[in-house]
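Examination of the molecular architecture
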Amino acid sequence: MSKKLILPIFIYCLLYLIANPLISRQIVVDTLRLWHQSVIPALFPTILLIQYYLLMQPVSCMPYFLAATISIGCGFPIGTWITCKYGTIGKIKPGNVPIYCAMLNQFSPAFIQSYVGTTILHSNPHKILFLYYCVMVFSALVSYPIIKHWSAYESNRFITLKETLPTIQEEQSFSKAILLSSEILLRLFGYMFLCNSIITMLSSIKFLKTITILISPLLEVTTGLIGYVTAYDATKQIPYIFAVLNFGGLSGCLQVIPVLKKDNYSIKCYLFSKCILMVTTYIITKLLILFI
């Protein structure tokens, strides 16, 4: 996100929180509770093991199947990082990197199964997992030609590099893996807090309250979906829930964009891909519910 755009948002959030300390306290408490109860148990063990593995072996030596499995299993930001590394060393065409990132980032079985299946829909997580992934695959197949046609007009600066990995002792690797995993989760908490602050500020404006409930999952998936299913019957809103999950929310995009930007991949292509995937996911889920 542009610094010119994020700076006024940050200043406005800061002033609002300073002027409303009780609301600020409640936002922190709610975000911490959700982060501690749902995000850490679902993601930390997987992220820690993957970080440890990646520190012991360079991505360039990783088979395609293993790299794809790790990317799908972890989602963002690790999936984004691996995909960008594959693009940098020439194993993936640079134009495809933002598209693959957009398609892979929202799989993350641990998060979907433990959080969405049980917390949001209160139903059999395996059934929800199967339905969600069927929709994801169909959505990716339908969206790819559209995104590919549009991205043909986008250019990517591309330099092939040889990846190097310093020799690290096993004990040092594990300690570094813990630090890197903790950094990812702390960054996630920061983005969750920022987006939750925006949601709270918007909902405090009376005429924006209904709209805020609808758009809050697009800002922050975890908190936004809880607010949405509290206001509406979750079992009747599965198409919208799946659609916003495939988008990933603004907080998810904010984690992915710096990784893409660092290696000069197209941010516009990534955001366009996420929007197309969100729309096709909604349509496909709606059709499945109608005909099944």
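Residues numbered from 1 in each chain as written. Predicted model: local features only at pLDDT ≥ 70, side-chain atom pairs only at ≥ 80, totals over all residues. Heavy atoms only, no water.

1. Some points on the overall build of the protein
A count of helices and strands for the protein gives 13 helices and zero strands. Counting from the amino terminus, the protein carries its helices and strands in the arrangement α-α-α-α-α-α-α-α-α-α-α-α-α. A buried classification covers 46% of the 292 residues belonging to the protein. Counting contacts in the protein only where the partners sit at least 6 residues apart, residues at least 24 apart contribute 77% of the total. If you sum the accessible surface of the protein, you get close to 15,200 Å²; carbon and sulfur atoms cover 70% of it. (Helix = DSSP H or I, 4+ residues; strand = E, 2+ residues; numbered from the N terminus. Buried < 20%, exposed > 50% of the residue type's maximum accessible area, 1.4 Å probe, protein only. Contact = heavy atoms within 4.5 Å. Areas by Shrake-Rupley, 256 points an atom, 1.4 Å probe, with all protein chains shown as cover.)

2. Quick word on a nonpolar patch on the surface
Residues Leu7, Phe10, Ile11, Leu14, Leu15 and Ile18 make up a contiguous nonpolar surface patch of about 600 Å² in total accessible area. The residue Ile18 is located in helix H1 (residues 3-19) in this model. A relative accessible area of 59% places Ile18 in the exposed class. (Patch = residues over 30% accessible without salt bridge, like charges linked within 9 Å, V, L, I, M, F, W, Y side chains within 5 Å. Salt bridge = Lys/Arg side-chain N within 4 Å of Asp/Glu carboxyl O.)

3. Notes on the pattern of salt bridges
A pair can form between side chains of opposite charge whenever their charged atoms are brought close. Summed over the entire model, instances satisfying the criterion amount to two salt bridges. Notably, a salt bridge pairs Asp30 with Arg33, separated by 3.2 Å at the nearest N-O pair. Linking Asp30 with Arg33, this pair stays in helix H2 (residues 21-56), spanning three residues, or about one helical turn. For Asp30, a relative accessible area of 36% puts it in the partly exposed group. For Glu183, the salt bridge identified is with Arg187, shortest N-O distance 2.7 Å.

4. Considering the environment of Leu141
With respect to the helices and strands, Leu141 occurs in helix H7 (residues 125-151). The sequence separation of Leu141 and Leu277 amounts to 136 residues, and the corresponding C-alpha distance is 9.7 Å.

5. Things to note about the packing of helix H12 (residues 249-262) against helix H13 (residues 267-291)
Where H12 meets H13, the axes come as close as 10 Å, and the angle between the chain directions of the two elements is 145 degrees. The two elements H12 and H13 meet at a crossing, and its hand is right-handed. Two secondary-structure elements touch here, H12 through Cys253, Val256, Ile257, Leu260 and Lys261 and H13 through Ile267, Tyr270 and Leu271. A breakdown of the residues in the contact of H12 with H13 according to their chemical character gives seven nonpolar, no polar and one charged. (Axes fitted to C-alpha atoms, helices over the stretch in contact; angles between N-to-C directions. Left-handed = near helix turned anticlockwise from the far one by under 90°. Nonpolar A, V, L, I, M, F, W, Y, C, P; charged D, E, K, R; others polar.)

6. Digging into the packing of aromatic side chains
In the structure shown here, the tally under the stated rule is two aromatic pairs. A centroid spacing of 5.1 Å and a plane angle of 40 degrees characterise the contact between Tyr228 and Tyr232, whose relative ring orientation is tilted. In this structure Tyr232 comes out as partly exposed when scored by relative accessible area, which is 29%. Each ring, one from Tyr228 and one from Tyr240, has its centre 4.8 Å from the other, and the planes form 40 degrees; the classification is tilted. Residue Tyr228 is located in helix H10 (residues 221-231), and its partner Tyr240 is located in helix H11 (residues 238-247); the two are separated by twelve residues in the primary sequence. Three or more aromatic residues link up through ring pairs in this structure, and these residues are Tyr228, Tyr232 and Tyr240. (Phe/Tyr/Trp six-rings, centres within 6.5 Å; stacked < 30°, edge-to-face > 60°.)

7. Focus: H11
With ten of ten residues buried, H11 is to be regarded as a mostly interior element. Within the span of H11, buried status applies to Ile238, Pro239, Tyr240, Ile241, Phe242, Ala243, Val244, Leu245, Asn246 and Phe247. Of the residues flanking the end of H11, it is Gly248, one or two places downstream, whose phi is positive at about 95 degrees.

8. A word on the environment of Lys85
Summarising the element assignment, Lys85 is placed in helix H4 (residues 78-88). Under the relative-accessibility criterion, Lys85 is labelled partly exposed at 27%.

9. Some thoughts on the nonpolar core
In terms of nonpolar packing, the biggest core is built from 44 residues, with Ile78 and Leu260 touching the most fellow members. Once you skip the residues sitting within four places of it in the chain, Leu260 turns out to touch Thr80, Cys84, Val97, Cys101, Tyr265, Ile267 and Tyr270. Counting 18 residues, the second-largest nonpolar core is a separate cluster that includes Leu129, Tyr132, Phe242 and Val244. (Core = buried A, V, L, I, M, F, W, Y, C linked by side-chain atoms within 4.5 Å.)

10. Some details on the side chain of Thr280
The residue Thr280 is located in helix H13 in this model. Other than its neighbours up to four places away in sequence, Thr280 contacts Ser139, Val142 and Ser143.

11. Regarding the confidence of the model for the protein
Taken over all residues, the pLDDT of the protein has a mean of 77, while the share at 70 or more is 83%. By mean pLDDT, helix H6 (residues 109-120) is the weakest element of the protein at 60, and H13 is the strongest at 89. (pLDDT = per-residue confidence, 0-100.)

12. Details of unusual backbone geometry
Its identity is not glycine, yet Asn264 carries a phi of approximately 65 degrees, on the positive side. Residue placement: Asn264 occurs in the loop between H12 and H13.

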